[in-house]
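Examining the three-dimensional arrangement
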Amino acid sequence: MTESVIRNKPGMASVKDMPVLQDGPPPGGFAPVRYARRIPNKGPSAMAIFLAAFGAFSYGMYQVGQGNKIRRALKEEKFAARRAILPVLQAEEDERFVKEWKKYLEYEAEVMKDVPGWKVGENVYNSGKWMPPATGELRPEVW
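Every value quoted in this text rests on a predicted model; they were computed, and no experiment measured them.

Parameters and conventions
- Residues numbered from 1 in each chain as written.
- Predicted model: local features only at pLDDT ≥ 70, side-chain atom pairs only at ≥ 80, totals over all residues.
- Heavy atoms only, no water.
- Helix = DSSP H or I, 4+ residues; strand = E, 2+ residues; numbered from the N terminus.
- Contact = heavy atoms within 4.5 Å.
- UniProt positions renumbered as here; feature names shortened; annotations may be inferred.
- Buried < 20%, exposed > 50% of the residue type's maximum accessible area, 1.4 Å probe, protein only.
- Lys, Arg positive; Asp, Glu negative; His and termini not counted.
- Salt bridge = Lys/Arg side-chain N within 4 Å of Asp/Glu carboxyl O.
- Polar contact = N/O pair within 3.5 Å; in protein donor to acceptor, adjacent residues only side chain to side chain.
- Patch = residues over 30% accessible without salt bridge, like charges linked within 9 Å, V, L, I, M, F, W, Y side chains within 5 Å.
- Areas by Shrake-Rupley, 256 points an atom, 1.4 Å probe, with all protein chains shown as cover.
- Charge placed at Lys NZ, Arg CZ, Asp CG, Glu CD.
- Phe/Tyr/Trp six-rings, centres within 6.5 Å; stacked < 30°, edge-to-face > 60°.

**Notes on the environment of valine 120**
Tracing the backbone through its elements, the reader meets valine 120 in the segment after α2 (46-111). Taking the C-alpha atoms as reference points, valine 120 and glutamate 110, ten residues apart in sequence, are found 9.6 Å from one another. Ignoring anything within four residues of it in the chain, the contact list for valine 120 reads Leu105, Glu108 and Ala109.

Structure follows, in structure tokens:
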């Protein structure tokens, strides 16, 4: 399209003959531009946030303390049960040890029958104290 059709001015010979068409503000002007910093005054205060955080922390620490008490009671109960069953377990171990010790003495008597002066079951260290085997297990077939 030509300028003559757009501006309704037929027969223009030069650009200088064109009427000036300039953009401007709307009637009544533009709305004011907000450039000031405006922070809303809504929401909890710093003291309220601090007290809420302190309360949550305090409640959490209280719950940790209650959990520690329960855990300590359960641990004590477990140890009490172990202490109660210990004599039974020790008696079973002593019974097993006596059986194995008798087998060991028989094996020792068979192996050392040709050695003069050998006393079966006598301690070779002559310390006067009886000590159970350090391994906690008597297995003559390994010796």
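**So, the UniProt feature "transmembrane region" (unreviewed entry) in the protein**
When the UniProt feature table is mapped onto this chain numbering, "transmembrane region" (unreviewed entry) sits at residues 45-62. This span, residues 45-62, is 94% helix and 0% strand, and a straight line between its end C-alpha atoms measures 26 Å.

**Quick notes on the side chain of glutamate 108**
Within the secondary structure, glutamate 108 is located in helix α2. For the buried glutamate 108, which has no salt bridge, the nearest side chain bearing the opposite charge is lysine 119, at an N-O separation of 12 Å. Reaching out from glutamate 108, the side chain makes a polar contact with the side chain of tryptophan 118 at a distance of 3.0 Å.

**Observations regarding the pattern of salt bridges**
Any two side chains of opposite charge can pair, so long as their charged atoms come close to each other. Scanning all chains against the criterion turns up three salt bridges. A salt bridge links glutamate 76 to arginine 83, with the nearest nitrogen and oxygen atoms 2.9 Å apart.

**Regarding a positive patch on the surface**
Taken together, the side chains of Lys69, Arg71, Arg72, Lys75, Lys78 and Arg82 present a region of like positive charge at the surface. With respect to the secondary-structure elements, arginine 72 resides in helix α2.

**Details of the packing of aromatic side chains**
Enumeration according to the criterion identifies three aromatic pairs in this entry. Seen in terms of ring centroids, phenylalanine 50 and phenylalanine 54 are 6.4 Å apart; in terms of plane orientation they differ by 20°. Their pairing is stacked. Taken together, the residues phenylalanine 50 and phenylalanine 54, both in helix α2 and four residues apart, mark about one turn of the helix. For the pair tryptophan 101 and tyrosine 104, a centre-to-centre distance of 5.3 Å together with 35° between the ring planes defines the contact as tilted. Note that tryptophan 101 and tyrosine 104 are positioned in helix α2 at a spacing of three residues, about one turn of the helix. By relative accessible area, which is 26% here, tryptophan 101 ends up partly exposed. Cluster of aromatic residues (ring-pair linked, three or more members): Phe97, Trp101 and Tyr104.

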